[in-house]
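Now for the letters of each chain:
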Amino acid sequence: MFQVLIVDDDPLLCSAMVNKLEYVNQDGGLNLAPTLTAGTAREALAIIQAKPVDILITDIQMPYQSGLELIDFIHAKFPLIQLVVLSGYSNYAYMRSAILSGVADYLLKPVKLLQLKEIIQKCIENIRSNLDSDQAQAIQKQAALNYQTGKYCNALLLRSPVSTQPKGLVYPAFFVAIFSANCPDERFSELLRRFSLENPQENAPVLRYFQDVNQSQVLLVNSQEDESRLRAYLESFCAFAAENKLACRCGVSQAGDRLEQFPELHRQAGHVLAYQMIQSFTVKMAEEILKKPERSPQNLFHKSSRRIQAAFQSRNFGQIYAALNEIFTLDYVSTRQAVLGDMQDFYNGFSDQIRQLATSLQVDLGPAKSFTLFISLDELRSYFQEQLYRLQQQSEKETDKTQYVISRAIRYMEQHYNQDINMKDVAAAVNMSYAYFSKFFKEQAHQSFSECLTSIRMREAKRLIEEDPSIKIKEVAHLVGYESVYSFSRAFKQYYKVAPTGLNSGSAPGRKER
């Protein structure tokens with residue numbers, strides 16, 4: 001029997017499609033199993049992973065993930081599933097232009113019985129044709145194994161609950177190879193499959209290909225513990241890829257004896273691949289990596305570290321850019337015989353300086369990028385240059401330090417006016433000493449601290465009384481930071497030339513708002 005899965009966020013449409021499929025099944029003798037339904041792409045994927053699905057009919061517009069994204073994923077991971085797009089007339093042109101290769105056909109809403117019957121028959125013919133192909137079955141099986149292995153290994157990386165360990169991993173050693181290849185997942189996977197077919201080996205390793213959580217291309221190799229044989233195999237594949245106009249290189253971990261070690265093996269492979277920043281290679285094995293000498297980046301880059309730190313503290317972006325362009329270069333690395341560990345330490349230090357500056361400028365740079373994800377010093381340098389540009393733009397907006405400090409002080413007072421605050425509190429909030437801030441504030445704000453705080457409190461008190469004429473003066477005094485009603489009333493009358501009780505009695509305040 002053939003299993004159909006309907007994916008649409010409209011339960012009424014799903015129900016109608018189930019009824020129509022039941023009718024065309026009885027009318028045409030199509031041998032369909034009871035139809036399955038899902039309201040989201042996530043539900044659909046869960047069903048496909050749990051049981052075989054032959055035909056997938058999905059709507060285009062759905063919450064969280066579109067039908068086209070679902071189709072793209074299913075086509076890559078489960079290439080034998082027949083894919084059908086369900087579309088309304090309103091987005092018909094869009095659907096026709098966006099439809100992906102591998103889609104069997106499309107249905108227009110409202111779905112007509114004859115059209116549905118013809119497309120299901122077409123899908124069944126395609127399925128029967130594929131069932132006659134050993135190669136197609138092998139592709140489907142390998143795609144499922146790759147997907148299951150990737151899901152298991154990525155769960156280990158994320159420290160999430162893992163399912164049952166993938167089957168078929170029979171050899172005693174596990175290696176992780178991470179590739180640097182600028183190509184789509186589907187093309188890389190197809191090249192790897194073709195290479196394996198064209199280069200059969202006795203006791204060939206078990207290969208599982210998938211993308212990790214960083215979208216890097218990962219090859220899990222389960223084989224005998226033979227690094228030299230594995231290196232030769234991977235070098236041959238990289239040469240094969242180059243012949244097909246795909247330049248790639250890979251870093252390979254040490255051997256592990258169980259799959260649960262994947263996170264550590266993955267870390268090793270990523271670190272090895274990161275050497276492409278300072279060395280040229282096709283395949284690099286973990287045992288080739290020299291240990292970092294017992295030295296700190298401050299010792300290796302002593303003068304540069306001090307100069308950079310001073311430049312950050314003074315916000316001298318010209319010096320920061322100059323240091324960045326000097327240090328993260330192959331010439332600088334080779335002159336000082338720096339290994340990758342040295343560069344990673346220096347990268348972390350430089351990144352920390354940028355993060356501290358971003359915090360002081362209140363700029364959100366997002367999560368920091370892992371050092372091992374860079375493929376060259378040029379890319380790393382561009383990454384820092386982009387961040388520095390953002391910080392420089394923000395810094396230039398705040399070049400008038402006086403106005404910046406005054407605005408911060410007043411903002412703090414506006415946020416805490418109803419509390420028992422004093423000048424020491426505000427001075428600490430703007431990182432100034434009490435003595436210096438007292439003189440600084442009066443000179444730059446053209447009023448004393450107490451005058452400014454009183455102004456903020458009086459404006460708020462006036463607003464409260466005008467918005468609610470029945471409010472008690474005692475309550476207003478409390479809300480704007482006065483413990484004594486008498487002190488509040490005296491301050492209000494002195495500020496507005498009218499008592500708070502007379503504010504709404506027809507006599508307008510004489511104080512000009514500031």
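Note that this is a predicted model, so its numbers are computed, not measured. (Residues numbered from 1 in each chain as written. Predicted model: local features only at pLDDT ≥ 70, side-chain atom pairs only at ≥ 80, totals over all residues. Heavy atoms only, no water.)

Colleague: Looking at this structure, I do not really get the pairing of strand 4 (residues 82–87). What am I missing?
Modeller: Two faces, one strand: in a regular strand the side chains alternate between the faces of the sheet. By the criterion of burial, strand 4 is predominantly enclosed, with six of the six residues buried. What you see with strand 4 is no split at all: Q82, V84 and L86 on one side and L83, V85 and S87 on the other are buried throughout. Across five bridges, strand 3 (residues 55–59) lies against strand 4 in parallel orientation. Each residue of the ladder has a partner; that of T58, found in strand 4, is V85. (Buried < 20%, exposed > 50% of the residue type's maximum accessible area, 1.4 Å probe, protein only. Helix = DSSP H or I, 4+ residues; strand = E, 2+ residues; numbered from the N terminus. Pairing = 2+ DSSP bridges.)

Colleague: In this structure, what is going on with the sheet that holds strand 5 (residues 103–108)? I would like to understand it.
Modeller: Backbone-to-backbone hydrogen bonds pair the strands of a sheet. The strands run either parallel or antiparallel. One open sheet holds the five strands; their spatial order is 2-1-3-4-5, and the pairing between them is parallel. At either end of the open sheet lies a strand with only one pairing partner, and these are strand 2 (36–38) and strand 5. The sheet shows a mean angle of 20 degrees between the axes of neighbouring strands, taken without regard to direction. (Axes fitted to C-alpha atoms, helices over the stretch in contact; angles between N-to-C directions.)

Colleague: Help me out: how do you make sense of unusual backbone geometry in this one?
Modeller: Trans peptide bonds make up most of the peptide bonds, and negative phi angles are found at most residues other than glycine. Omega for the peptide link from K109 to P110 comes to -5 degrees, which places this bond in the cis form. Topologically, P110 is positioned in the loop between strand 5 and helix 5 (113–131). The residue N31 is not glycine, and still its phi comes out positive at about 60 degrees. With a relative accessible area of 38%, N31 lands in the partly exposed category.

Colleague: Just to check I follow, could you spell out the packing of aromatic side chains for this structure?
Modeller: Two numbers describe a pair of aromatic rings. These are the distance of the centres and the angle of the planes. Summed over all chains, the structure comprises 27 aromatic pairs. Between the aromatic rings of Y383 and F384, the centroid separation amounts to 5.6 Å while the plane-to-plane angle is 45 degrees, which identifies the pairing as tilted. Assessed through its relative accessible area of 15%, Y383 is described here as buried. A relative accessible area of 0% means that F384 is categorised as buried. Arranged with centres 6.5 Å apart and planes meeting at 70 degrees, the rings of F441 and F449 form a pair that is edge-to-face. Look at F441 and you get buried, because its relative accessible area is 1%. In this structure an aromatic cluster arises from ring pairing among F312, F328, F346, Y347, F350, F371, F374, Y383 and F384. (Phe/Tyr/Trp six-rings, centres within 6.5 Å; stacked < 30°, edge-to-face > 60°.)

Colleague: Could you clarify how one ought to interpret the packing of helix 19 (residues 449–467) against helix 21 (residues 485–496) in this entry?
Modeller: How two helices sit against one another is set out by the angle between their axes and by the gap between those axes. Interaxial distance between helix 19 and helix 21 falls to 10 Å at its minimum, and their mutual angle equals 95 degrees. The pairing of helix 19 with helix 21 is recorded here as roughly perpendicular in orientation. Counted together, S455, M458, R459, A461, K462 and I465 of helix 19 and F488, A491, F492, Y495 and Y496 of helix 21 form the full contact between these two elements. (Parallel < 35°, antiparallel > 145°, perpendicular 65-115°, else oblique. Contact = heavy atoms within 4.5 Å.)

Colleague: Explanation requested: the pattern of salt bridges in the structure shown.
Modeller: A side chain of one charge can pair with a side chain of the opposite charge when the charged atoms of the two come close. In this structure the tally under the stated criterion is 14 salt bridges. The salt bridge involving K109 is made with D59; its shortest N-O contact spans 3.3 Å. With K109 in the loop between strand 5 and helix 5 and D59 in strand 3, the pair connects residues that are 50 residues apart, well separated along the chain. Note on D59: relative accessible area 6%, which makes it buried. Between R267 and E264 there is a salt bridge, with its nearest N and O atoms 2.8 Å apart. Linking R267 with E264, this pair stays in helix 9 (residues 262–273), spanning three residues, or about one helical turn. A relative accessible area of 47% places R267 in the partly exposed class. (Salt bridge = Lys/Arg side-chain N within 4 Å of Asp/Glu carboxyl O.)

Colleague: Sorry if this is basic, but what is going on with the confidence of the model for the protein chain here?
Modeller: Should the pLDDT be low somewhere, the predicted coordinates at that spot are not to be read in detail. Predicted confidence across the protein chain gives a mean pLDDT of 84, with 89% of residues reaching 70 or more. The low-confidence segment residues 510–514, where pLDDT is below 50, has 11 contacts with residues more than four positions distant or belonging to other chains. (pLDDT = per-residue confidence, 0-100.)

Colleague: Would you take a moment to explain the side chain of D8 for this structure?
Modeller: Mapped onto the fold, D8 is located in the loop between strand 1 (4–7) and helix 1 (11–28). With a relative accessible area of 2%, D8 lands in the buried category. Polar side-chain contacts of D8 include one of 2.8 Å to the backbone nitrogen of D10. In this structure, D8 is in contact with L13, C14, A38, G39, D59, M62, L86 and K109, ignoring residues within four places of it in sequence. (Polar contact = N/O pair within 3.5 Å; in protein donor to acceptor, adjacent residues only side chain to side chain.)

Colleague: Explanation requested: the nonpolar core in the structure shown.
Modeller: Note that soluble globular proteins tend to have their nonpolar side chains buried in a common cluster. Among the nonpolar cores identified, the biggest contains 58 residues, and L220, M277, F328, F350, F384 and L391 are the most heavily contacted of them. No other element matches helix 14 (residues 340–360), which puts eight residues into this core. With residues up to four places along the chain from it excluded, the contact list for F384 reads L324, F328, Y347, F350, S351 and I354. (Core = buried A, V, L, I, M, F, W, Y, C linked by side-chain atoms within 4.5 Å.)

Colleague: Just to check I follow, could you spell out the pairing of strand 3 for this structure?
Modeller: Most of strand 3 sits out of view: five of its five residues are buried. Neither face of strand 3 is left uncovered, since the one carrying I55, I57 and D59 and the one carrying L56 and T58 both have all their residues buried. Here four bridges tie strand 1 to strand 3, and the two strands are oriented parallel to one another. Residue L5 lies in a different strand from strand 3, and its bridge partner there is L56. The parallel pair strand 3 and strand 4 is bridged by helix 3 (residues 67–77), and the resulting crossover is right-handed. (Right-handed = clockwise from strand over helix to strand, strands pointing away.)

Colleague: Help me out: how do you make sense of the environment of Y275 in this one?
Modeller: Structurally, Y275 can be placed in the loop between helix 9 and strand 10 (283–285). Overall, the relative accessible area of 4% leaves Y275 in the buried class. Placed 101 residues apart in sequence, Y275 and S376 show a C-alpha to C-alpha distance of 8.6 Å.

Colleague: Explain the packing of helix 14 against helix 15 (residues 377–397) to me, please; I cannot follow it from the model alone.
Modeller: Contact geometry for helix 14 and helix 15: axes closest at 10 Å, N-to-C directions at 15 degrees. Viewed along their axes, helix 14 and helix 15 adopt a mutual orientation that is roughly parallel. With respect to the hand of their crossing, helix 14 and helix 15 are arranged in left-handed fashion. Contact residues: helix 14 offers M343, Y347, F350, S351, I354, R355, L357 and A358, while helix 15 offers L377, L380, Y383, F384, Q387, L388 and L391. Within the contact of helix 14 with helix 15, the residues separate by chemical class into 12 nonpolar, two polar and one charged. (Left-handed = near helix turned anticlockwise from the far one by under 90°. Nonpolar A, V, L, I, M, F, W, Y, C, P; charged D, E, K, R; others polar.)

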